[in-house]
Amino acid sequence: QVQLVESGGGLVQPGGSLTLSCAASGSIFRIFAMDWYRQTPGKQRELVATITRGGSTNYADSVKGRFTISRDNAKNTVYLRMNSLKPEDTAVYYCHAPQVVTTGGYEYDNWGQGTQVTVSS
(Lines give C-alpha, C1' and ligand atoms only; values in the text may rest on other atoms or scores of the structure.)
Protein backbone atom coordinates (compact mmCIF):
# COMPACT_ATOMS: atom_id res chain seq x y z
CA GLN A 1 0.00 0.00 0.00
CA VAL A 2 0.99 3.59 -0.57
CA GLN A 3 0.19 6.58 1.60
CA LEU A 4 0.45 10.30 0.88
CA VAL A 5 0.75 12.61 3.88
CA GLU A 6 0.51 16.39 3.51
CA SER A 7 1.89 18.94 5.94
CA GLY A 8 2.50 22.68 6.11
CA GLY A 9 -0.99 24.11 6.07
CA GLY A 10 -2.18 26.77 8.45
CA LEU A 11 -3.36 30.33 8.88
CA VAL A 12 -1.55 33.10 7.02
CA GLN A 13 -2.26 36.76 6.37
CA PRO A 14 -2.99 38.02 2.86
CA GLY A 15 0.26 38.54 1.00
CA GLY A 16 1.99 35.90 3.06
CA SER A 17 3.60 32.62 2.08
CA LEU A 18 3.31 28.96 2.94
CA THR A 19 5.00 25.80 1.72
CA LEU A 20 3.07 22.55 1.60
CA SER A 21 4.80 19.19 1.55
CA CYS A 22 3.48 15.77 0.59
CA ALA A 23 5.51 12.67 1.36
CA ALA A 24 4.68 9.31 -0.15
CA SER A 25 5.50 6.16 1.75
CA GLY A 26 5.11 2.44 1.25
CA SER A 27 6.49 -0.12 -1.17
CA ILE A 28 7.15 2.42 -3.89
CA PHE A 29 9.06 1.64 -7.04
CA ARG A 30 8.26 4.78 -8.99
CA ILE A 31 5.92 7.76 -8.88
CA PHE A 32 5.07 9.48 -12.13
CA ALA A 33 3.19 12.78 -12.17
CA MET A 34 2.19 14.43 -8.89
CA ASP A 35 -0.46 17.08 -8.45
CA TRP A 36 -1.88 19.51 -5.95
CA TYR A 37 -5.63 20.09 -5.86
CA ARG A 38 -7.74 22.30 -3.65
CA GLN A 39 -11.35 22.31 -2.59
CA THR A 40 -13.69 24.71 -0.82
CA PRO A 41 -17.09 23.77 0.62
CA GLY A 42 -19.74 23.32 -2.04
CA LYS A 43 -17.28 23.43 -4.92
CA GLN A 44 -15.57 20.83 -7.03
CA ARG A 45 -11.98 19.92 -6.39
CA GLU A 46 -9.75 22.16 -8.52
CA LEU A 47 -6.39 21.24 -10.05
CA VAL A 48 -3.80 23.75 -8.84
CA ALA A 49 -0.49 22.45 -10.19
CA THR A 50 1.08 19.39 -11.80
CA ILE A 51 4.65 18.19 -12.04
CA THR A 52 5.94 15.28 -14.09
CA ARG A 53 8.65 12.97 -12.90
CA GLY A 54 11.07 14.86 -15.13
CA GLY A 55 10.11 18.20 -13.60
CA SER A 56 7.80 19.72 -16.20
CA THR A 57 5.14 21.83 -14.53
CA ASN A 58 1.70 23.23 -15.25
CA TYR A 59 -0.43 25.63 -13.22
CA ALA A 60 -3.97 26.83 -12.95
CA ASP A 61 -4.31 30.38 -14.28
CA SER A 62 -5.40 31.56 -10.84
CA VAL A 63 -2.04 30.67 -9.25
CA LYS A 64 0.45 31.26 -12.09
CA GLY A 65 3.32 33.44 -10.99
CA ARG A 66 2.48 32.97 -7.30
CA PHE A 67 2.73 29.21 -6.68
CA THR A 68 5.64 26.89 -7.46
CA ILE A 69 5.44 23.11 -7.51
CA SER A 70 8.59 21.05 -7.10
CA ARG A 71 9.56 17.52 -6.17
CA ASP A 72 12.36 15.41 -4.77
CA ASN A 73 12.19 12.00 -6.44
CA ALA A 74 14.70 10.48 -4.03
CA LYS A 75 12.42 11.38 -1.12
CA ASN A 76 9.14 10.68 -2.96
CA THR A 77 8.04 14.14 -1.91
CA VAL A 78 6.27 16.98 -3.70
CA TYR A 79 6.13 20.59 -2.53
CA LEU A 80 3.91 23.58 -3.21
CA ARG A 81 5.40 26.97 -2.44
CA MET A 82 2.61 29.54 -2.23
CA ASN A 83 3.49 33.24 -2.33
CA SER A 84 1.35 36.37 -2.36
CA LEU A 85 -1.54 34.44 -0.87
CA LYS A 86 -5.06 35.80 -1.25
CA PRO A 87 -8.22 35.08 0.75
CA GLU A 88 -9.58 33.22 -2.28
CA ASP A 89 -6.72 30.72 -1.92
CA THR A 90 -8.37 29.49 1.27
CA ALA A 91 -9.16 25.80 0.79
CA VAL A 92 -8.25 22.28 1.75
CA TYR A 93 -5.24 21.33 -0.34
CA TYR A 94 -4.82 17.73 -1.47
CA CYS A 95 -1.80 15.92 -2.81
CA HIS A 96 -2.47 13.46 -5.64
CA ALA A 97 -0.31 10.85 -7.35
CA PRO A 98 -2.33 9.28 -10.15
CA GLN A 99 0.22 6.62 -11.07
CA VAL A 100 2.28 5.04 -8.30
CA VAL A 101 4.03 1.80 -9.18
CA THR A 102 4.86 -0.46 -6.25
CA THR A 103 7.74 -2.88 -5.92
CA GLY A 104 5.20 -5.63 -6.44
CA GLY A 105 4.33 -4.23 -9.84
CA TYR A 106 0.92 -2.84 -8.94
CA GLU A 107 -0.27 0.65 -9.89
CA TYR A 108 -2.30 2.88 -7.60
CA ASP A 109 -4.02 6.24 -7.82
CA ASN A 110 -3.42 7.88 -4.44
CA TRP A 111 -4.77 10.93 -2.59
CA GLY A 112 -3.58 12.52 0.60
CA GLN A 113 -5.92 13.38 3.46
CA GLY A 114 -5.75 17.13 2.82
CA THR A 115 -4.35 20.09 4.71
CA GLN A 116 -6.25 23.29 5.47
CA VAL A 117 -4.89 26.60 4.22
CA THR A 118 -6.65 29.72 5.50
CA VAL A 119 -5.72 33.17 4.24
CA SER A 120 -7.21 35.83 6.49
CA SER A 121 -6.29 38.96 8.38
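Residues numbered from 1 in each chain as written. Predicted model: local features only at pLDDT ≥ 70, side-chain atom pairs only at ≥ 80, totals over all residues. Heavy atoms only, no water.

1. Concerning the sheet that holds strand 3 (residues 18–26)
No. 1: Strand order in this open sheet of four strands is 1-3-9-8, and the pairing throughout is antiparallel. This sheet does not close on itself; its edge strands, each paired only once, are strand 1 (2–7) and strand 8 (67–72). Averaged over all adjacent pairs, the angle separating strand axes in this sheet is 15°, with direction ignored. (Pairing = 2+ DSSP bridges. Helix = DSSP H or I, 4+ residues; strand = E, 2+ residues; numbered from the N terminus. Axes fitted to C-alpha atoms, helices over the stretch in contact; angles between N-to-C directions.)

2. Observations concerning the nonpolar core
One recurring pattern in soluble globular proteins: nonpolar side chains tend to sit buried together.
No. 1: Grouped together as the largest cluster of nonpolar side chains are 30 residues, with contacts concentrated most on Trp36, Leu80, Met82 and Tyr93.
No. 2: When residues in this core are grouped by element, the largest group, five residues, is from strand 10 (residues 91–102). (Core = buried A, V, L, I, M, F, W, Y, C linked by side-chain atoms within 4.5 Å. Buried < 20%, exposed > 50% of the residue type's maximum accessible area, 1.4 Å probe, protein only.)

3. Describing the pattern of salt bridges
No. 1: Under the counting rule described, the total for this entry stands at four salt bridges.
No. 2: For Arg38, the salt bridge is made with Glu46, and the minimal N-O distance between the two is 2.8 Å.
No. 3: When its relative accessible area of 7% is taken as the criterion, Arg38 is described as buried.
No. 4: Its salt-bridge partner being Lys64, residue Asp61 comes within 3.2 Å of it at the nearest N-O pair.
No. 5: By relative accessible area, Asp61 is classed as exposed at 65%.
No. 6: Through salt bridges with shared partners, a single network forms among Arg38, Glu46, Arg66 and Asp89. (Salt bridge = Lys/Arg side-chain N within 4 Å of Asp/Glu carboxyl O.)

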